[in-house]
Amino acid sequence: MNKRKREPNKYITENYILDDEINIDPFELKHKSDYNPDIYDVKTIKDYKLPLLHKKYFRPYFSPKFNSWEMDFMIVPFKDGKSPFVELDDSKEEKHTQFYYLFVININTKYLYVSPTLNKDTNSVTSTLYDMISHENLQINNIRGDDDVAFDNHFLKQWLSSREITYYFTPHIYTNRNRIVDRVMRTIRDMFDQLGHRASLFDVKLMEKIVYKYNHTTHRAFDYRFTPVQVQNNKDLERIFIARKMDRLQNIPKNVFNKYEYGDIILVHIPFKEINYKRRRNFTHLGMFIEYVHGNVKCYLLYPEGDDYTDEIVVIPPYYTKFVNNLNQNFRNYFNLDK
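None of the values given here were measured: they were computed from a predicted structure. (Residues numbered from 1 in each chain as written. Predicted model: local features only at pLDDT ≥ 70, side-chain atom pairs only at ≥ 80, totals over all residues. Heavy atoms only, no water.)

**Student:** Teacher, can you tell me more about the pattern of salt bridges here?
**Tutor:** A side chain of one charge can pair with a side chain of the opposite charge when the charged atoms of the two come close. The full count for this structure, using the stated rule, is 9 salt bridges. In this structure, D190 and R183 form a salt bridge, with 3.9 Å as the shortest nitrogen-oxygen distance. Residue classification places D190 among the partly exposed residues on the basis of a relative accessible area of 38%. On the accessibility criterion, R183 (38% relative accessible area) is partly exposed. (Salt bridge = Lys/Arg side-chain N within 4 Å of Asp/Glu carboxyl O. Buried < 20%, exposed > 50% of the residue type's maximum accessible area, 1.4 Å probe, protein only.)

Structural data, given as structure tokens:
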């Protein structure tokens, strides 16, 4: 085994500090006269670990109101861009490359309604919701989703308002949104996978059977004692479910998180999802607190003046932030605020 001691890099002198966060290449500094202490002598800002949030701090995911639903589209791409349903003539009909299912699930009862469509648009949404209300006798008082253009537009909002349905379409990608509908999509995909390679998501009849099975299978949310159909058809069961969640919510310790005021400076962790993003520290940004939004922190991200992202605002969970006692010159140098 070669135990040769590694020699220090002779090209990096005490005057040339290598810091991953500053992105300075010491090999580009050919002369000592190039050294600028205002640029290179930047002290490292303390970083923090992101421990898993303890279970006792988890906020229960439910709605305090009856008949509250969540919706989103499941995308099923065509293989090689060819439709498995019909041969479409490009000169006569629109060529589709993807197939969709609109998933609509009751947040409390977990009752699931799925509608197939070739178009991911507002007409598909209104058609599905109309069928639920008129043909399936499912009451919808509240509905929420992400900021998909099929949801967050004037026509759908007007359609919902005319039927006295409240809506909430959130654009905040870093918060815990659409958790129920995202989870049930994965569950349905898993159920297809368990049937083997011959089971296809393009099989609408098979999808209907699997959704029926899901709605008639005891659910973990009800301690495997009741099915979504049973809870959907029994308001007393849903009332008990809501009461249990409310009790748990009231008992969550709230003094462990910082209580920010407008203008407070905070370190911010942004949970980037890019595969190739190389994270050099957990708390990568500096922000200014604006307000709380449903328990989450809304803040400006601080960038150098003139930067394209100067007005960027994000909403993130409170445990992705750390209070900064003093925005001193070291912080300003580290985050290039005086650039």
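Continuing now.
**Student:** Mind showing me how you'd approach the packing of helix α2 (residues 122-134) against helix α3 (residues 154-162) here?
**Tutor:** For any two helices packed against each other, the geometry is given by the interaxial angle and the distance between the axes. Taken N-terminus to C-terminus, the directions of α2 and α3 make an angle of 15 degrees; their axes are 10 Å apart at the nearest point. In terms of orientation, α2 lies roughly parallel with respect to α3. In the packing of α2 onto α3, the handedness of the crossing is right-handed. In this structure, α2 uses T122, N123, V125, T126, L129 and Y130 to contact α3, whose residues at the interface are F155, L156, W159 and L160. Class assignment for the residues of the contact of α2 with α3 results in 7 nonpolar, 3 polar and no charged. (Axes fitted to C-alpha atoms, helices over the stretch in contact; angles between N-to-C directions. Helix = DSSP H or I, 4+ residues; strand = E, 2+ residues; numbered from the N terminus. Parallel < 35°, antiparallel > 145°, perpendicular 65-115°, else oblique. Left-handed = near helix turned anticlockwise from the far one by under 90°. Contact = heavy atoms within 4.5 Å. Nonpolar A, V, L, I, M, F, W, Y, C, P; charged D, E, K, R; others polar.)

**Student:** Help me understand the sheet that holds strand β6 (residues 265-268) in this model?
**Tutor:** What links the strands of a sheet is backbone hydrogen bonding, and the strands pair in either a parallel or an antiparallel sense. Reading across the sheet, the 5 strands line up as β9-β8-β7-β6-β10 and stay open at both edges, with antiparallel pairing between neighbours. Of all the strands in the sheet, just β9 (313-316) and β10 (321-323) have a single pairing partner and so form its edges. For this sheet, the mean inter-axis angle between neighbouring strands, taken without regard to orientation, is 45 degrees. Sheet analysis places strand β7 (residues 285-293) next to strand β8 (residues 296-301), joined by 6 bridges and oriented antiparallel. (Pairing = 2+ DSSP bridges.)

**Student:** What am I meant to see in the sheet that holds strand β1 (residues 68-77) here?
**Tutor:** One open sheet holds the 5 strands; their spatial order is β3-β2-β1-β4-β5, and the pairing between them is mixed. Where the open sheet ends on each side, the last strands, each with one partner, are β3 (112-117) and β5 (166-170). Strand-to-strand twist across the sheet, computed as the mean angle between neighbouring axes with direction ignored, equals 20 degrees. Across 5 bridges, the pairing between strand β4 (residues 142-146) and β5 is parallel. Note on β5: the bridge partner recorded for N142 is T166. Those strands touched by α3 are β1, β4 and β5, and its axis lies near 150 degrees from that of β5.

**Student:** How do you make sense of the side chain of H219 when you look at a structure like this?
**Tutor:** As for its position among the elements, H219 is in the loop between α5 (204-215) and α6 (228-232). A relative accessible area of 19% places H219 in the buried class. Separated by 3.4 Å, the side chains of H219 and Y214 make a polar contact. Discounting residues that sit within four places of it in the chain, H219 has contacts with K110, Y214, Y224, F226 and P228. (Polar contact = N/O pair within 3.5 Å; in protein donor to acceptor, adjacent residues only side chain to side chain.)

**Student:** Hey, could you run me through the nonpolar core in this one?
**Tutor:** Residues Y101, F103, L112, V184, I188 and M207 are the most contacted members of the largest nonpolar core, which totals 25 residues. Put simply, the parts of the chain that give this core at least two residues each are β1, β2 (98-106), β3, α4 (179-194) and α5. The greatest single-element share of this core, amounting to 7 residues, is contributed by α4. Residues W69, Y111, I143 and L156 belong to the second largest nonpolar core, which totals 22 residues. (Core = buried A, V, L, I, M, F, W, Y, C linked by side-chain atoms within 4.5 Å.)

**Student:** Got a minute to help me understand unusual backbone geometry in this structure?
**Tutor:** With glycine set apart, most residues show a phi of negative sign, and most peptide bonds adopt trans. Despite not being glycine, N137 shows a phi value in the positive range, around 55 degrees. With respect to the secondary-structure elements, N137 resides in the loop between α2 and β4. The class for N137 is exposed, based on a relative accessible area of 65%. Backbone geometry at N336 places phi at a positive 55 degrees, although glycine is not the residue there. Along the chain, N336 falls in the segment after α8 (329-334).

**Student:** How do you make sense of the pairing of β4 when you look at a structure like this?
**Tutor:** Note on strand geometry: in a regular strand, side chains alternate between the two faces of the sheet. β4 sits mainly inside the fold: 4 of its 5 residues count as buried. Note that β1 and β4 share 3 bridges and pair parallel. Along β4, the bridge assignment pairs W69 with I143. Running through α3, the crossover from β4 to the neighbouring parallel element β5 is right-handed. (Right-handed = clockwise from strand over helix to strand, strands pointing away.)

Read these as geometric descriptors, not functional statements.
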